[in-house]
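Residue-level structure breakdown
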Amino acid sequence: MTPSPSRIRVWDLPTRIFHWALAGLVVFSFTTGTIGGEWMAWHLKSGYAILALLLFRLAWGFTGSESARFAAFLRGPRAALAYARETFAGRHPIIAGHNPLGGWMVLAMLAAVAFQVTTGLFSDDEIATQGPLAVKVANDTVSRMSGLHQWGRWAVVALVVLHVVAIAVYRWRWKARLVGPMLHGKMNAAPGVHAPFLVPAWRAVVLAAIAAALAYALVVIVPMP
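Below: a short report on this structure.

Cut-offs applied
- Residues numbered from 1 in each chain as written.
- Predicted model: local features only at pLDDT ≥ 70, side-chain atom pairs only at ≥ 80, totals over all residues.
- Heavy atoms only, no water.
- Helix = DSSP H or I, 4+ residues; strand = E, 2+ residues; numbered from the N terminus.
- Buried < 20%, exposed > 50% of the residue type's maximum accessible area, 1.4 Å probe, protein only.
- Contact = heavy atoms within 4.5 Å.
- Areas by Shrake-Rupley, 256 points an atom, 1.4 Å probe, with all protein chains shown as cover.
- Axes fitted to C-alpha atoms, helices over the stretch in contact; angles between N-to-C directions.
- Parallel < 35°, antiparallel > 145°, perpendicular 65-115°, else oblique.
- Nonpolar A, V, L, I, M, F, W, Y, C, P; charged D, E, K, R; others polar.
- Core = buried A, V, L, I, M, F, W, Y, C linked by side-chain atoms within 4.5 Å.
- Phe/Tyr/Trp six-rings, centres within 6.5 Å; stacked < 30°, edge-to-face > 60°.
- Lys NZ or Arg CZ within 6 Å of the ring centre and 35° of its normal.
- Left-handed = near helix turned anticlockwise from the far one by under 90°.
- Polar contact = N/O pair within 3.5 Å; in protein donor to acceptor, adjacent residues only side chain to side chain.

This next bit is on the overall build of the chain. A count of helices and strands for the chain gives eight helices and two strands. The N-to-C order of helical and strand elements in the chain reads β-α-α-α-α-α-α-α-β-α. Summarising its shape, the C-alpha atoms of the chain cover approximately 70 × 35 × 30 Å along the three principal directions. Considering the chain as a whole, with its 225 residues, one finds that 36% of them fall into the buried category. Contacts spanning at least 24 positions in sequence make up 73% of the contacts within the chain whose residues lie at least 6 apart. Per element, the accessible surface of the chain, about 13100 Å² overall, is 70% carbon and sulfur.

Another point: the packing of helix H4 (residues 77-88) against helix H5 (residues 100-121). Between H4 and H5, whose axes approach to 7 Å, the crossing angle comes to 125°. Put simply, H4 runs oblique to H5. Here H4 contributes Ala79, Ala80, Tyr83 and Ala84 to the contact with H5, which in turn contributes Pro100, Leu101 and Trp104. Residue composition of the contact of H4 with H5, grouped by class: seven nonpolar, no polar and no charged.

Moving on to the nonpolar core. Counting 31 residues, the largest nonpolar core has Leu22, Ile50, Phe56, Trp60, Leu110 and Val113 as its most contacted members. When contributions to this core are tallied by element, the ones reaching two or more residues are helix H1 (13-35), helix H2 (40-63), helix H3 (70-73), H5, helix H6 (139-173) and helix H8 (201-221). Take this core: its biggest share by element is eight residues, from H5. In this structure, Val113 is in contact with Leu22, Val26, Ile50, Leu54 and Val156, ignoring residues within four places of it in sequence.

Turning our eyes to something else, we now look at the packing of aromatic side chains. The geometry of two aromatic rings is summed up by the distance between their centres and the angle between their planes. Counted by the stated rule, this structure contains six aromatic pairs. Measuring from centroid to centroid gives 5.6 Å for Phe30 and Trp154, while their planes differ by 80°, and the two rings are edge-to-face. Taken together, the residues span a long stretch of sequence, with Phe30 in helix H1 and Trp154 in helix H6 at a distance of 124 residues. By relative accessible area, Phe30 is classed as partly exposed at 29%. Here a set of aromatic residues connected by ring pairs shows up, and it is made of Phe62, Phe70 and Phe73. Lys45 extends its terminal NZ or CZ atom over the ring of Trp42, reaching a point 5.5 Å from the ring centre. The side chain of Arg57 reaches across the aromatic face of Phe18, ending 5.9 Å from its centre.

Moving on, we get to the packing of H1 against H2. At a closest axis distance of 9 Å, the pairing of H1 and H2 adopts a crossing angle of 150°. The orientation of H1 relative to H2 falls into the category roughly antiparallel. Considering only the axes of H1 and H2, their crossing is left-handed. On H2, the residues touching Pro14, Thr15, Phe18, Ala21, Leu22, Leu25, Val26, Phe28, Ser29, Thr32 and Gly33 of H1 are Met40, Trp42, His43, Ser46, Gly47, Ala49, Ile50, Leu53, Leu54, Phe56, Arg57 and Trp60.

The next thing to look at is the environment of Asp125. Inspection of the secondary structure assignment puts Asp125 in the loop between H5 and H6. In this structure the C-alpha to C-alpha distance between Asp125 and Ser46, which are 79 residues apart in sequence, comes to 17 Å. From its side chain, Asp125 meets the backbone nitrogen of Ala128 in a polar contact 3.2 Å long.

Here Ser146 is to be found in helix H6. A relative accessible area of 14% places Ser146 in the buried class.

Summarising the element assignment, Asn99 is placed in the loop between H4 and H5. Looking at Asn99, its side chain comes within polar contact range of the side chain of Tyr83, at 3.1 Å. For Asn99, the side chain forms a polar contact with the side chain of Tyr170, separated by 3.5 Å. The residues touching Asn99, leaving out its near neighbours within four places in the chain, are Phe73, Tyr83 and Tyr170.

We now examine unusual backbone geometry. Phi is positive for Glu126, which is not a glycine, with a value near 60°. Residue Glu126 is classed as exposed on the basis of its relative accessible area, which comes to 74%.

From the geometry alone we can't say anything about function, so treat these as descriptive.
Written as structure tokens, this is what we have:
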């Protein structure tokens, strides 16, 4: 008789809040940046919020719950290729957290968004909107950063599309539900798959407050004369 799968918690609340907050802010930033005009003030505010989220995620990746830690899901090329072979052979491994391919997707997404935030801090649209750190660098640097910021948004869009397509393929081809666990935090795990350890929620609150303070210092205090 085959043992029935157990229900385990794989994603903690801070990780889930980060995921959906970042997704919403990325869409909002792209939309307001495309519309321009008076919406650029909100585009800047959204960018500052994303900056705080990224700082939090960086810290959470080292001190957070097991499934959120970089060491838990970033594997080398061999592990990623082995997972891909098993998956496409129809033996889709059940993993409590990001699989080796998904781990690299997470890193790529975070890197692309961080690139956008960084270039945005030094950008100037030469109309009415200027990043807070543009006053700290030479005009050539501002021009270069502005160009990179315009190009980088399409890299983010490409990664988002790839991410959504991958979720759809997992759902259709391997019947793997990836959206639900990121909403309620739980998944059905096969026997032998252990539940990741969780850390106290207060740690996330402290880290979020520190991240917000650092973001505020970077966009408000540092640009002061």
